[in-house]
Amino acid sequence: MSRDRLTRLELIVLAAVLRTSGEAYGVRIAEEIGQRTGRDISVGSLYRTLKRLEQKGYVSSEEGEPTPERGGRAKTFYSVESQGLAALRESVLEMRSLFAGLNLEGHSI
Amino acid sequence: MTDRNPPTPERWIVHLLAPRRERAAIEGDLLERYRQIADARGRRQAGLWYASQVLRSIVPLVLLSASDVSIFRWLSGLGTGILLTSVFPALLTSLVPFEAFAQGPELTAWYLVIAVAAAAAAGYVGTAVARTSAPAAIVGMVACLYAPAVIQMLGAPSVPSSYWACLALAVGAATAGGVLSAVDRFSPAAQTPRR
């Protein structure tokens with residue numbers, strides 16, 4: 001089945017949401033991306049990407065309780081839907097297939 | 001007590017640009033992270049981090065805001081804002097009492113007071129009407145619409161250009177004040193439940 005291709009940023013955010021499953025809200029997702037990839041993603045880019053993923057049906061969101069350390073503002077928790085999981089798997093398989101048997105040591109990247 | 005909030009101008013930029021649906025989450029995330037950094041590395045570092053986040057988020061947040069509502073609603077809100085804010089620069093230009101300005105400061109002061117009040121009202125009403133669309137776009141539009149009026153006034157006879165500079169500054173500040181009041185009044189994001 002053909003589905004929307006994930007952009008690189010969408011792929012990263014979707015994987016981070018999956019990795020932080022159960023506690024995937026903005027700060028946590030950004031931290032995970034920073035730790036895993038070294039990227040310091042801006043809050044605007046993060047939420048724009050999450051919105052696109054939500055519109056594609058790859059993630060869903062749910063509002064948590066307001067907390068004092070956030071000035072009484074609630075967290076929005078994200079979780080990966082089955083379609084998102086399938087898209088992620090498809091992208092990973094593509095990458096594996098693309099790089100299988102390729103020796104990158106001798107090439108300057 | 002130490003202030004544990006980020007600088008006000010940056011907070012306002014985020015408040016103004018973030019779409020209503022995501023605003024509480026975005027502001028909350030930024031505040032939470034700001035406080036974490038302030039506790040660990042000091043307020044100066046936290047302030048730099050916050051400013052960098054805001055600067056880098058301007059374009060994505062504007063795009064996010066634009067995608068948050070239907071194109072028809074966005075355009076109708078923008079159109080309403082343009083219409084309302086067009087009226088004020090037109091009046092500002094056509095009703096200027098050039099001769100009175102040259103006679104003394106009293107009438108100038110009155111004109112200034114009225115212009116500032118009208119500008120604040122125009123900003124407030126324009127943004128209130130277009131609140132579901134793109135308040136940030138309205139702010140930009142207001143600024144652009146004032147430019148022709150002010151440029152036209154610069155060529156006015158017997159009026160020092162410093163008058164116009166002060167007027168433009170006061171009117172711009174008043175409009176921004178009106179816009180921000182309307183955003184704050186009509187978009188209480190923290191209390192807006194998600195659907």
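Details of the structure are given in the entry above.
Undergrad: What should I look at first to understand the overall build of chain A in this one?
TA: If you tally the helices and strands in chain A, you get four helices and two strands. Reading the helices (α) and strands (β) of chain A from amino to carboxyl end gives α-α-α-β-β-α. Residue pairs at least 24 apart in sequence account for 56% of intrachain contacts in chain A once pairs closer than 6 positions are excluded. With the model as given, the accessible surface of chain A reaches about 6400 Å², and the carbon-plus-sulfur share is 50%.

Undergrad: Help me understand the pattern of salt bridges in this model?
TA: Side-chain pairs of opposite charge can arise whenever the charged atoms involved come near each other. Residue and element names in this part refer to chain A. Applying the stated criterion to the full structure yields 17 salt bridges over all chains. Two residues, Glu-31 and Arg-28, come together in a salt bridge whose shortest N-O distance is 3.8 Å. Here the residue Glu-31 and the residue Arg-28 both occupy positions in helix H2 (residues 26-37), the gap between them amounting to three residues, near one helical turn. One continuous salt-bridge network, built from bridges that share partners, spans Arg-19, Glu-23, Arg-28, Glu-31, Glu-32 and Arg-36.

Undergrad: What is the right way to look at a nonpolar patch on the surface in this model?
TA: Residues and elements named next belong to chain B. Nonpolar side chains collect at one region of the surface, where Ile-13, Leu-55, Ile-58, Val-59, Val-62 and Leu-63 lie side by side and expose about 500 Å² of accessible area between them. The element contributing the most residues to the nonpolar patch is helix H3 (residues 43-68), with five residues. The topology assignment puts Val-59 in helix H3. Overall, the relative accessible area of 54% leaves Val-59 in the exposed class.

Reading the values: rules and limits
- Residues numbered from 1 in each chain as written.
- Chains lettered and ligands numbered in written order.
- Predicted model: local features only at pLDDT ≥ 70, side-chain atom pairs only at ≥ 80, totals over all residues.
- Heavy atoms only, no water.
- Helix = DSSP H or I, 4+ residues; strand = E, 2+ residues; numbered from the N terminus.
- Contact = heavy atoms within 4.5 Å.
- Areas by Shrake-Rupley, 256 points an atom, 1.4 Å probe, with all protein chains shown as cover.
- Salt bridge = Lys/Arg side-chain N within 4 Å of Asp/Glu carboxyl O.
- Patch = residues over 30% accessible without salt bridge, like charges linked within 9 Å, V, L, I, M, F, W, Y side chains within 5 Å.
- Buried < 20%, exposed > 50% of the residue type's maximum accessible area, 1.4 Å probe, protein only.

Structural measurements only, silent on function.
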